[in-house]
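In case you want the letters, here they are:
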Amino acid sequence: MFNNLLESKPQKQRSTGGSVLSMVFHTVLIYLAVQATLQAHEEKENVEESVSFVEVKKDEPPPPKPPPQEAPPPPPGFQVLTAPVNIPDVLPEIDLTARITNEADFSGKGVQQKVASQGPVAKPDGDQPYFEFMVEKPVTESSNTQRPRYPDILKSAGVEGEVLAQFVVDTTGHVEINTFKVLKTSHELFAAAVRSALPGMRFIPAEVGQKRVRQLVQQPFVFAIAK
């Protein structure tokens, strides 16, 4: 009856250009969607990384109070000076002819704060000689005594020096050569020159109570070239 079937709605044929344009459009949409998703993910990570935690400082307990300090005790032996009640208004009489001090008390020898002019003079034990601080008049070198000879080899070389010698001077002013001792010397030839000269040297003996005594002497000898 019906040999020909009728199409209810005619189909439209798509052109090639429209298909390509649709494909490009959808590709762009997909690309933009992917980029938007990646950007949102990166922003989320940045936000998470920027989060930091701040520790709140706790209130510290107040420091303990120091114990009360006691007053230090007063220094021992402390004294208070008081002014005199009755102050004299008349000057005392002064005798200008009287000796106020004794020169012997200021010799600079002996024990400090002791008086040299009072009490007996200390004596050495046994046959020991007196020391300089024990005598009233110490040994002095005589003005006409000989001096040690300058060693020729040292003088020609221009060598100067010094010798500190120790020896005992007896009551006659002679040196007891067996007591000679070199305490310090700058050259052995200087020490030998002093030892050779001591037997011929003369001294004024020491005195204690106007009596001559033996004294241990420490004397320097200087060797200098005259310029």
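Residues numbered from 1 in each chain as written. Predicted model: local features only at pLDDT ≥ 70, side-chain atom pairs only at ≥ 80, totals over all residues. Heavy atoms only, no water.

Moving on: the sheet that holds strand β2 (residues 161–169). Read across the sheet, three strands follow the order β3-β2-β7 without closing on themselves; strand pairing throughout is antiparallel. With one partner strand each, in any of the chains shown, β3 (175–185) and β7 (215–223) form the two edges of the open sheet. Adjacent strand axes in the sheet meet at a mean angle of 25 degrees, parallel and antiparallel pairs treated alike. In terms of strand pairing, β2 meets β7 through nine bridges, oriented antiparallel. Bridge pairing links E162 to V222 in β7. (Pairing = 2+ DSSP bridges. Helix = DSSP H or I, 4+ residues; strand = E, 2+ residues; numbered from the N terminus. Axes fitted to C-alpha atoms, helices over the stretch in contact; angles between N-to-C directions.)

Scanning all chains against the criterion turns up five aromatic pairs. Ring geometry for Y150 against F190: centres 5.7 Å apart, planes inclined by 85 degrees, an arrangement best described as edge-to-face. Here Y150 is found in the loop between β1 (140–141) and α2 (152–156), whereas its partner F190 is found in helix α3 (residues 188–197), with 40 residues between them in sequence. This pair shows no difference in class: Y150 is buried, exactly as F190 is. A centroid spacing of 5.6 Å and a plane angle of 90 degrees characterise the contact between Y150 and F223, whose relative ring orientation is edge-to-face. Of this pair, Y150 sits in the loop between β1 and α2 while F223 sits in strand β7, placing them 73 residues apart in sequence. With respect to burial, Y150 and F223 carry one shared label: buried. (Phe/Tyr/Trp six-rings, centres within 6.5 Å; stacked < 30°, edge-to-face > 60°. Buried < 20%, exposed > 50% of the residue type's maximum accessible area, 1.4 Å probe, protein only.)

Unlike most non-glycine residues, Q210 shows phi in positive territory, near 60 degrees. Note that Q210 resides in the loop between β5 (206–207) and β6 (212–213). Accessibility expressed as a relative area gives 76% for Q210, which makes it exposed.

Turning next to the nonpolar core. Ranked by internal contacts, the top residues of the largest apolar core, which has 24 residues, are F167, V194, L198, F203, F221 and F223. At the level of secondary structure, the elements contributing two or more residues to this core comprise β2, β3, α3 and β7. For this core, the element with the most residues is β2, which contributes four residues. (Core = buried A, V, L, I, M, F, W, Y, C linked by side-chain atoms within 4.5 Å.)

Following the criterion strictly, the structure yields four salt bridges and no others. The partner of R214 in a salt bridge is E176, with the nearest N and O atoms 2.9 Å apart. In this pair, R214 sits in the loop between β6 and β7 while E176 sits in strand β3, placing the two residues 38 residues apart along the sequence. (Salt bridge = Lys/Arg side-chain N within 4 Å of Asp/Glu carboxyl O.)

We now examine α3. Buried within α3 we find F190, A191, A193, V194 and A197. Summarising the axial view, the buried residues of α3 lie within an arc of 160 degrees, below the 170-degree limit, and thus occupy one face. In α3, the exposed positions that point more than 90 degrees away from the buried face belong to E188 and S196. Taken together, the buried residues of α3 touch α2, β2, β3 and β7. (Arc of directions from axis to C-beta. Contact = heavy atoms within 4.5 Å.)

You can see Q215 is positioned in strand β7. The class for Q215 is buried, based on a relative accessible area of 3%. Once residues within four sequence positions are removed from consideration, Q215 is found in contact with P129, Y130, F131, E132, V135, P138, V139, F167, V168, V169 and A206.

What follows is about the pairing of β2. Of all nine residues in β2, seven are buried; the element is thus mostly enclosed. Here β2 runs beside β3; their pairing, made up of six bridges, is antiparallel. Residue pairing in the sheet places V169 in a bridge with V175 of β3.

Across the chain, the average pLDDT comes to 76, with 59% of residues at or above 70. Within the model, pLDDT remains below 50 along residues 74–78, and this stretch shows zero contacts once partners closer than five positions in the same chain are excluded. (pLDDT = per-residue confidence, 0-100.)

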